[in-house]
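Chain residues, written in single-letter form:
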Amino acid sequence: MNPHENDNRLPGGFTAEIATDLASGRVVDLAEVYALNAVDDAERAAIEQFLASAPAADRDAFNERVRQARETLTTSFTAEEEPPPGLLDRIMSSLPAQTAQPSPAAVPLPGTGPQTAAVMPHPVRDSSGVAATDELGAARKRREERRRPQGMRNWLVGVAAAAVIALGGVGVGAYVANQNDPLNQVLQASDVRQATVDVNGGGTATVSISPSRDAAVVKMNGVPAPPAGKVYQMWLIPKDGSAPVSQGLMDAEALSKPAVVKGIGSAAALGITVEPAGGSAKPTLPTVAAAPLNA
């Protein structure tokens, strides 16, 4: 193998060119970089064009990791969630080492002391063979290179790849999303408690309540799909007797997924009703299920 074959490969197997990563089948690994807008317009178009003809499994995996990364950006970190010990050190140690640049020679001011012969550094040459006349010129050149969008993208890809390595192969977006996902925060809270109530028409609803998170998770179990043209709608019933507040709709597809209800501290109960498609401004009674929150 040519020892220089992978000289342009960044930590985690990424290369400096998006096209090369796509050709090597790494489109899914570029999801976090895409979600964080660390690509230029041409690179974004290349990724989207590649996905258009990619297998459905790759498209689904890519879209899921983009979703997780973007959801993570909208969710604040909490003091209770600590990263693994030494994570930052492992990420930094995985990044490419940067060669320390010598400091420019100090030049004494006239009349301030003995004059010494000026130390002339060796000319600095770039890949085109053009010499920089002095260290200041070289420093300016390096600064301009760092400002180039392509250089910044490569650095971000390197950081993302290093983080993947430090996390033991788990995607950055997946790891952080798991730590900060509202559903997981409720289910893993120290004060979480559950209540299961019957649903009229069949099945049950399990409500996991966490006062410290001011939220609850609702999971439907064996509940039949709503009638044609209808949806289930969740409501918080305020303690002060004011009008119920809608907390979202559940159609046949959503029944299989848990739902997070926030702001339960001011509510006495959670109610579920059957409403016309699109939902209603106020609940149609009677409820098909109701669970006291006692938050």
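Residues numbered from 1 in each chain as written. Predicted model: local features only at pLDDT ≥ 70, side-chain atom pairs only at ≥ 80, totals over all residues. Heavy atoms only, no water.

Digging into the overall build of the chain
Part 1 of the argument: For the chain, the helix and strand inventory stands at 9 helices and 10 strands.
Part 2 of the argument: Within the chain, the fraction of its 295 residues that count as buried is 33%.
Part 3 of the argument: Roughly 17600 Å² of accessible area belongs to the chain as shown, and the carbon and sulfur atoms make up 58% of that amount. (Helix = DSSP H or I, 4+ residues; strand = E, 2+ residues; numbered from the N terminus. Buried < 20%, exposed > 50% of the residue type's maximum accessible area, 1.4 Å probe, protein only. Areas by Shrake-Rupley, 256 points an atom, 1.4 Å probe, with all protein chains shown as cover.)

A look at the side chain of Q233
Part 1 of the argument: In this fold, Q233 is placed in strand β6 (residues 230-238).
Part 2 of the argument: In this structure Q233 comes out as buried when scored by relative accessible area, which is 2%.
Part 3 of the argument: A polar contact of 2.8 Å, which involves the side chain of Q233, links it to the backbone nitrogen of S280.
Part 4 of the argument: Leaving out residues up to four positions away in the same chain, Q233 has contacts with S246, G248, L249, G271, I272, T273, E275, G279 and S280. (Polar contact = N/O pair within 3.5 Å; in protein donor to acceptor, adjacent residues only side chain to side chain. Contact = heavy atoms within 4.5 Å.)

A short note on the nonpolar core
Part 1 of the argument: In terms of nonpolar packing, the biggest core is built from 24 residues, with M220, M234, M250, L270, I272 and L293 touching the most fellow members.
Part 2 of the argument: The residues contacting M234, other than those within four sequence positions of it, are V218, V245, S246, Q247, G248, M250, A259, V261, L270, G271 and I272.
Part 3 of the argument: One finds L22, V28, V39 and A69 within the second-largest nonpolar core, a separate group that totals 16 residues. (Core = buried A, V, L, I, M, F, W, Y, C linked by side-chain atoms within 4.5 Å.)

Considerations on the sheet that holds strand β8 (residues 259-262)
Part 1 of the argument: What the 4 strands build is an open sheet, ordered β3-β4-β5-β8; its pairing is antiparallel. A single partner strand is all that each edge strand has here, and the edge strands are β3 (193-198) and β8. Strand after strand, the sheet turns through a mean of 25° between neighbouring axes, direction not considered.
Part 2 of the argument: Alignment of strand β5 (residues 215-221) against β8, held across 4 bridges, turns out to be antiparallel. (Pairing = 2+ DSSP bridges. Axes fitted to C-alpha atoms, helices over the stretch in contact; angles between N-to-C directions.)

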